[in-house]
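Observations on the three-dimensional arrangement
Listed below, chain by chain, are the residues.
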Amino acid sequence: MKKIITSVGMLVFAGALIVGGTGAFFSDTETSTGNVFTAGAIDLTVDSEAHYNGSICQLNLLTTNDLTDYTWQGGTEYPVGLPCTGTWEATDLGAQTFFNFRDVKPGDEGENTISLHIDSNPAWACVDVNITKNDDMTVNEPEDAEVLELDTQASEPDADMFDGELAQNIKFAAWLDQGATLGWQNSDENELNDDAGEGDNIWQGEIAEPLLFSNDSGPASDVLGGKSYPLAMPGLNNSTPMAPNQTNYIGLAWCAGTQAIVGNTITCDGSNLGNIVQTDSMEASIAFRVEQARNNPNFTCTPRVVVETGTVTLDKVVQFTQASVVGVDVNDFVLHLVGPGGDHILVDQVAFPNLTPGAYVVSEVYSNDPVGIQYNASFSGSCAEIDDIGTANMNVVSGVNPTCVITNLVVSNPN
C-alpha cells in the first residue's frame, strides 16, 4: 500500500512539472551569415606591336616624354621618323587601330604582333573579322586605263563604298605565334619559361605556329570578309583554353601584292600589283571575343550574326512654273523605295531605317489625280535618274544615311 501511494505522488509531481514547463522548450540556433553569390568575370585586354617595311612603331622617347608620341623606328629609309599607330600597351580596344596606312605602294608589307590577356578564369577565344569599306575613292587616269577597272573618272566619287579593288589585291596571313608548349599558352611573364619563337613577329612554320586561314594566305576580301577564326576552342590545340595571367600571341602579316608561303617563310612581291588599286581605300574591323571555358565543353566559334542595315531619306521638292498653279504640295506624292528590303513607302524628309543593303529604285505616284497634272521629275543627291518616267536608283549601304532629292516642276493645274 505504501508503494502505491508513492507512485501516485510521483504522478502528481510529474503532472505539475509539465504544467509549469509549458512554453519553456529547450532550443538552440546556429546562424551562418555572409552567404554570397558573386558572379565571376573575364576581362580581355589586347596589345599590339606594329611593323612596316622593316620598321617598328614605338614610343619616341629619345626626343620627348610624351606617351602618345609613336613614330616608325628602324633601319629602313621609309617610313622611319613618321608618326604611327598600331602599337599600344594592353588595354580594352576602342579607338586603337592595328593598321592605318595612307600611302601604300606595291611591295609594301607589314606585320602586327598581337597579344591577348585575360584574368581570373580560363576562356575560349575567337577573332571576328569583316571588311567594312573597299571604296574606289577617286579614279585617276592610270587607274581608269586598267582593263578590269569598273569605275570611271566621271562616276567617282559616288555613294558605293564597296566598288574598290584594294581588298582583292592586298593579301593577309595570320598564325598562332606560340612557343614550344602546346596549347597557345606560353607565358612571357616568367623569364625561365620564355620561348625564343614566341611573340617574335616571325612565323616559325606551320608545325610550330599553325596558320589561322584555311587557304593559308589570301586577299583581304576573302580572309577578312566576314569570317570567324578559333584561337582557343575545344578540339583545337589539345582543347586547352586560354589561361589567366598568361600572354597569348597572334601574328598578322599583310602584303600589297602577291603574298606566298615558301617553306617557313612568308614572302611579299608587289611586281604584279597594277594601277587598278590607285586611290582605293579599304577598312576592316577586327574583334576578339572570349567565353568562359568552365562548364562550356561545346563552345564553337560560330560567326556572330550581325544584321547589317542602312537608312535612307527622301527629300521631296515641288516647284511651279506659274503662280496660278495651286492645290499641289509634297503630301500629294507617295514616295516608293523598292529593292531587297521590299517596297517601302517613305515620308518626306523622314529617315527610313533598317533597310537591307543593296540596290533600290526610287519612284513616286501623284495621289490626287495623276491624269490632270503635268510635272517633270528630276533627281539629285544620292540617287541617279535611270529613265524618263520618274524613277531613279540608289545604293543602300550599312551605316550610311544618304538623301535622295526628288524635285517636281509642275507645269499645269490638276483638274
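Residues numbered from 1 in each chain as written. Predicted model: local features only at pLDDT ≥ 70, side-chain atom pairs only at ≥ 80, totals over all residues. Heavy atoms only, no water.

1. Re the overall build of the protein
- Helix and strand content of the protein: 4 helices and 22 strands.
- Looking at the 415 residues of the protein, the share that counts as buried comes to 38%.
- Looking at the protein as shown, the accessible area adds up to about 22900 Å², and 55% of this sits on carbon and sulfur atoms. (Helix = DSSP H or I, 4+ residues; strand = E, 2+ residues; numbered from the N terminus. Buried < 20%, exposed > 50% of the residue type's maximum accessible area, 1.4 Å probe, protein only. Areas by Shrake-Rupley, 256 points an atom, 1.4 Å probe, with all protein chains shown as cover.)

2. Points about the pattern of salt bridges
- Summed over all chains, the structure comprises 5 salt bridges.
- Of the charged contacts, one joins Lys227 and Asp222 as a salt bridge, the two residues approaching to 2.9 Å between their closest N and O atoms.
- Lys227 gets classed as partly exposed once you look at its relative accessible area, which sits at 30%.
- Ionic pairing is found between Lys316 and Glu364, a salt bridge with its closest N-O pair at 2.2 Å. Taken as a pair, Lys316 in strand β14 (residues 310-320) and Glu364 in strand β18 (residues 358-366) lie far apart in primary sequence, 48 residues in all.
- We classify Lys316 as buried; its relative accessible area is 3%. (Salt bridge = Lys/Arg side-chain N within 4 Å of Asp/Glu carboxyl O.)

3. Things to note about the packing of aromatic side chains
- Tallied over the full model, the rule gives 11 aromatic pairs.
- Each ring, one from Phe98 and one from Phe288, has its centre 6.3 Å from the other, and the planes form 75°; the classification is edge-to-face. Highlighted residues: Phe98 in the loop between β4 (88-91) and β5 (109-118) and Phe288 in strand β13 (residues 280-292), separated in sequence by 190 residues. The burial state of Phe98 is the same as that of Phe288; both residues are buried.
- Aromatic ring contacts, followed pair by pair, group Tyr52, Trp72, Tyr78, Phe99, Phe101, Phe172 and Trp254 into a single cluster. (Phe/Tyr/Trp six-rings, centres within 6.5 Å; stacked < 30°, edge-to-face > 60°.)

4. A look at the environment of Ser217
- Take Ser217: it is sitting in strand β8 (residues 217-219).
- Given a relative accessible area of 16%, Ser217 falls into the buried group.
- Residues Ser217 and Ala174 lie 43 residues apart in sequence; the distance between their C-alpha atoms is 7.8 Å.
- With sequence-adjacent residues up to four places away left out, Ser217 is seen in contact with Lys171, Phe172, Ala173, Gln259 and Ile261.
- A polar contact is formed between the side chain of Ser217 and the side chain of Gln259, at a distance of 2.6 Å. (Contact = heavy atoms within 4.5 Å. Polar contact = N/O pair within 3.5 Å; in protein donor to acceptor, adjacent residues only side chain to side chain.)

5. A closer look at the nonpolar core
- Counting 47 residues, the largest nonpolar core has Ile114, Leu116, Phe172, Phe213, Leu224, Leu231 and Phe288 as its most contacted members.
- Per element, the largest residue contribution to this core is 7 residues, and it comes from strand β6 (residues 123-136).
- Look past the residues within four positions of Ile114 in its chain and what remains in contact with it is Val46, Asp47, Ser48, Phe98, Asn248, Tyr249, Ile250, Leu252 and Phe288.
- Grouped together as the second largest cluster of nonpolar side chains are 20 residues, Val328, Leu346, Tyr360 and Ile406 included. (Core = buried A, V, L, I, M, F, W, Y, C linked by side-chain atoms within 4.5 Å.)

6. So, the sheet that holds strand β17 (residues 352-355)
- If you trace the 4 strands from one edge of the open sheet to the other, you get β17-β14-β22-β19, paired in mixed fashion. Each edge of the sheet is formed by a strand with only one pairing partner; in this case those strands are β17 and β19 (375-381). The average angle at which neighbouring strand axes cross in this sheet is 25°, direction not considered.
- Sheet analysis places β19 next to strand β22 (residues 403-410), joined by 7 bridges and oriented antiparallel. Residue pairing across strands places Phe379 opposite Ile406, the latter belonging to β22. (Pairing = 2+ DSSP bridges. Axes fitted to C-alpha atoms, helices over the stretch in contact; angles between N-to-C directions.)

7. What to know about the pairing of strand β12 (residues 265-269)
- Note: strand β11 (residues 258-262) against β12, 5 bridges, orientation antiparallel. Looking at β12, one finds that Val262 is bridged to Thr265.
- Hairpin connection, β11 to β12: the antiparallel pair is bridged by 2 residues, and Gly263 has positive phi, about 60°.

8. Remarks on the environment of Asn272
- The residue Asn272 is located in the loop between β12 and β13 in this model.
- When its relative accessible area of 63% is taken as the criterion, Asn272 is described as exposed.
- Along the primary structure Asn272 and Thr258 are separated by 14 residues, whereas in three dimensions their C-alpha atoms are 7.2 Å apart.

9. Side note on the confidence of the model for the protein
- Looking at the protein as a whole, its pLDDT mean stands at 78, while 80% of the residues score no less than 70.
- Contacts from residues 1-22, a stretch scored under 50 in pLDDT, to residues over four places away or in other chains number 0 contacts.
- Note on residues 185-194: pLDDT under 50 across the span, and 24 contacts to partners over four residues away in sequence or across chains. (pLDDT = per-residue confidence, 0-100.)

10. Quick look at the sheet that holds strand β16 (residues 342-346)
- Spatially, β16-β15-β18-β21-β20 is the arrangement adopted by the 5 strands of the open sheet, whose pairing is antiparallel. Looking at strand neighbours, the two that pair on one side only are β16 and β20 (384-385), the edges of this open sheet.
- Pairing of β18 with strand β21 (residues 391-396), which is carried by 6 bridges, proceeds in the antiparallel orientation. From the neighbouring strand, Tyr360 faces β21, where its bridge partner is Met394.

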